[in-house]
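Residue strings, one per chain:
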Amino acid sequence: MTAATKKTTGNAIHCKLKGEGCKGRFRPTRSTQKYCEVCSKQAGNAKRKAPYKIPTSNHFFIQLAKEAERAGTLEVFKHLKGDVQALMALYHVVCFRMKANLAAENNDAYHISHIAPVNGVEVIGAFHPANVVITTGERNKRHSVQHFNDAGLFIDRDDAKRAHKLKGDEKWSDLIDMIITFIGEKTVTEFARACKLKESTKAQLKKKLAVKLETNSNIPNHAQHTRTLNNPKSTVVDLQNAIAEIESKSVWKLTSTKYNESAVAVLELARHSQYRPELLQLSDLVTELCQDMDQYKGYGFVKAGLEDDKLDLIFDLLHGEEVGCEVDEWIAELTEIVGVRRARMAAAVAARAAKLAPVTQDDAPVMTDAEIMAHLAELSDPDYTPF
């Protein structure tokens, strides 16, 4: 054996790359070797990742398609062009509304209400986080397509470009592609990567349920599960429950946090204060007043205790109605309540600190010279015992 001979580790294995000039099999010189000598130089190119594919079946893109259909034009996304942060904020709004409805076990519990109506007569309200409010379905239906004081983000319907107008018969897959092109593929890709979007859970569950129903026609309640599969209104929960029943597993139970209407209103007021600085004072006071609303979040619910008239006031304020006097009165009332609360908390903290504070050298009683000499005399007495 010459010095140039390489020591092998065992039997020949298949080369993972199989590039040009590769013989297919080789004897590795180390246990972790995957490529032969010919292909080792080409291994770097073999590790190139496949191009990223936007998960267009994700529920967020379905929501975008619905908004485009309602508006009748792609101009509804004009304010999202090139704005990754706005897309991310809008995605969190859509997700929060979906999770709140899942927790409430009612898809109509909370709606996405538009400040400037998306299908208004004179304006097209933008689908943008600054122009939408999560509220109850009842309030949203009562509000309808009203628009107050030019509030929200919108464009005049007369200014909408004809090139972006929809025919009305587009398939959702084609419509989603049009939306991505309109907003900007680079922007949407960056957003999808940042939010780690995945393909629709509902689509995956439908595919799985369809396979199970096709491969076994003797499944109990086969007709019922087929109706669930073919029903476009079937939710993720319905599909998961059907699969769990077929597989004889425990029925899926929801673990999302439940939010009451007051908690949602407080959170929405705080979110909109970043777009409208004039809301910041009221938002800070309401948030401080309801600061313990998430103390039971570990038990699965978040709730605040605002009265119905205050909920109406927040809704009207966010939708641009003239409620300045009522807001000023509420701010004055909250300022007084929060001030009293702060004073009580400060007094309680001070009392507890005084109770727990150790006695320091400065706080010790001062002894006179005579008392010190008498004390030393006692300690020097052999018959003196401290106990």
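This is a predicted model, so every value here is computed, not measured. Sequence order as written defines the numbering, with residues in each chain counted from 1. Given that this is a predicted model, residues contribute local features only at a pLDDT of at least 70 and side-chain atom pairs are listed and counted only at 80 or more, while totals for whole chains, interfaces and linings are drawn from all residues. With hydrogens and water excluded, all non-hydrogen atoms of the structure serve as input to the side-chain values.

The convention used is that axes are lines fitted to C-alpha atoms, helices contributing only their stretch in contact, and that angles between N-to-C directions extend from 0 to 180 degrees. Here a helix means four or more residues in a row that DSSP labels H or I, a strand means two or more in a row labelled E, and each is numbered from the N terminus. The interhelical angle for the contact between helix 8 (residues 201-215) and helix 9 (residues 222-230), taken along N-to-C directions, is 150 degrees, at an axis separation of 10 Å. Considering their axes alone, helix 8 and helix 9 lie roughly antiparallel with respect to each other. Where helix 8 crosses over helix 9, the handedness of that crossing is left-handed. Along its contact with helix 8, which presents Lys206, Leu209, Ala210 and Leu213, the element helix 9 presents His222, His225, Thr226 and Leu229. Classes in brief: Ala, Val, Leu, Ile, Met, Phe, Trp, Tyr, Cys and Pro nonpolar; Asp, Glu, Lys and Arg charged; the others, Gly included, polar. Per-class residue counts for the contact of helix 8 with helix 9 are four nonpolar, three polar and one charged. In these notes the angle categories are as follows: under 35 degrees is roughly parallel, over 145 is roughly antiparallel, 65 to 115 is roughly perpendicular, and the rest is oblique. In this scheme, a crossing is called left-handed if the near helix is turned counterclockwise away from the far one by less than a right angle; it is called right-handed if the turn is clockwise. Note on definitions: a residue-residue contact is assigned when non-hydrogen atoms from the two residues lie within 4.5 Å.

Turning our attention to the packing of aromatic side chains. Each aromatic pair joins two rings of Phe, Tyr and Trp (for Trp, the six-membered one) with centres within 6.5 Å, and gets the label stacked for planes under 30 degrees apart, edge-to-face for over 60, and tilted for any other angle. What the rule picks out here adds up to five aromatic pairs. Centroid distance Phe60 to Tyr91: 5.6 Å. Interplanar angle 80 degrees. Geometry classified as edge-to-face. A residue pair is termed long-range when its members are at least 10 positions apart, and Phe60 in helix 3 (residues 59-71) and Tyr91 in helix 4 (residues 84-104) qualify at 31 residues. Tyr91 carries the same exposure label as Phe60, and that label is buried. Relative to Phe191, the ring of Tyr91 lies with its centre 5.9 Å away and its plane at 75 degrees, an arrangement referred to as edge-to-face. In this pair, Tyr91 sits in helix 4 while Phe191 sits in helix 7 (residues 185-195), placing the two residues 100 residues apart along the sequence. The buried label goes to any residue with under 20% of its type's maximum accessible area, the exposed label to any with over 50%, and the partly exposed label to all in between, with areas taken from a 1.4 Å probe on protein chains only. Exposure remark for Tyr91: the relative accessible area of 12% places this residue in the buried category. Phe191 sits in the buried class, given a relative accessible area of 1%. Feature note: the residues Phe60, Phe61, Tyr91 and Phe191 constitute an aromatic cluster, connected by ring pairs. For a lysine, the NZ atom is tested; for an arginine, the CZ atom; a charge sits over a ring if that atom is within 6 Å of the ring centre and within 35 degrees of the ring normal. Residue placement shows Lys81 over the ring face of Phe182; its charged tip is 4.2 Å from the ring centre.

Whether a set of points on the 1 Å grid over the protein atoms alone is a cavity depends on a 1.4 Å probe fitting there but being unable to get out, while an open set qualifies as a pocket with protein on both sides within 12 Å along at least five of seven lines; lining residues are those with an atom within 4 Å of a point. Grid points are joined across faces, edges and corners, and a volume is the space filled by probe spheres set on the points. Throughout the structure, instances matching the rule amount to one cavity of 30 Å³ or more. Each pocket or cavity is described by its volume, and for the largest cavity that value is around 110 Å³. Along its surface, the largest cavity is lined by 13 residues, and Ile134, Thr135, Ala265, Leu311 and Phe315 are the ones closest to its centre. Those elements that place two or more of their residues in the lining of the largest cavity are strand 5 (132-136), helix 11 (261-272) and helix 13 (308-318).

Another aspect to go through is unusual backbone geometry. Although it is not a glycine, Lys196 adopts a positive phi angle of roughly 55 degrees. For Lys196, the position within the fold is in the loop between helix 7 and helix 8.

The next subject is the nonpolar core. Phe61, Phe77, Phe127, Phe191, Leu282 and Val286 are the most contacted members of the largest nonpolar core, which has 72 residues in total. With eleven residues, the top contributor of residues to this core is helix 4. What we call a nonpolar core is a set of buried Ala, Val, Leu, Ile, Met, Phe, Trp, Tyr and Cys residues that are connected through their side-chain atoms within 4.5 Å. If you look at the next biggest cluster of nonpolar residues, it comprises nine residues, including Leu205, Leu209, Ile243 and Ile246.

Moving on, we come to the packing of helix 11 against helix 13. Remark: helix 11 packs on helix 13, axes separated minimally by 10 Å, with the N-to-C direction vectors making an angle of 30 degrees. It follows that helix 11 is roughly parallel to helix 13 by the angle criterion. Remark: the crossing between helix 11 and helix 13 carries left-handed chirality. On the side of helix 11, the interface is formed by Glu261, Ser262, Ala265, Glu268, Leu269 and His272, while helix 13 contributes Leu311, Ile314 and Leu318. Classifying every residue of the contact of helix 11 with helix 13 by side-chain character gives five nonpolar, two polar and two charged.

In this section: the pairing of strand 5. Where burial is concerned, most of strand 5 is hidden: five out of the five residues are buried. Looking at chain direction, strand 3 (residues 110-114) and strand 5 are connected through five bridges and run antiparallel. Following the sheet pairing, Ile112 is matched in strand 5 by Ile134. Note on pairing: DSSP must find at least two bridges between two strands before they are called paired.

Before going further, it helps to examine helix 12 (residues 280-289). Three or more residues of helix 12 are buried, namely Leu282, Ser283, Leu285 and Val286. Taken down its axis, helix 12 places every buried residue within 165 degrees of arc, on the same side. Check the buried side of helix 12 and you find it contacts helix 11, helix 13 and helix 14 (324-356). The directions considered for the arc are those from the helix axis to the C-beta atoms.

A volume near 1600 Å³ is recorded for the largest pocket. Lining the largest pocket are 41 residues, and of these His59, Lys66, Met98, Lys202 and Val236 sit closest to its centre. Sort the elements by how many residues they give to the lining of the largest pocket and helix 4 lands first, with eight residues. Taken together, the residues of the lining of the largest pocket sort by class into 14 nonpolar, 15 polar and twelve charged.

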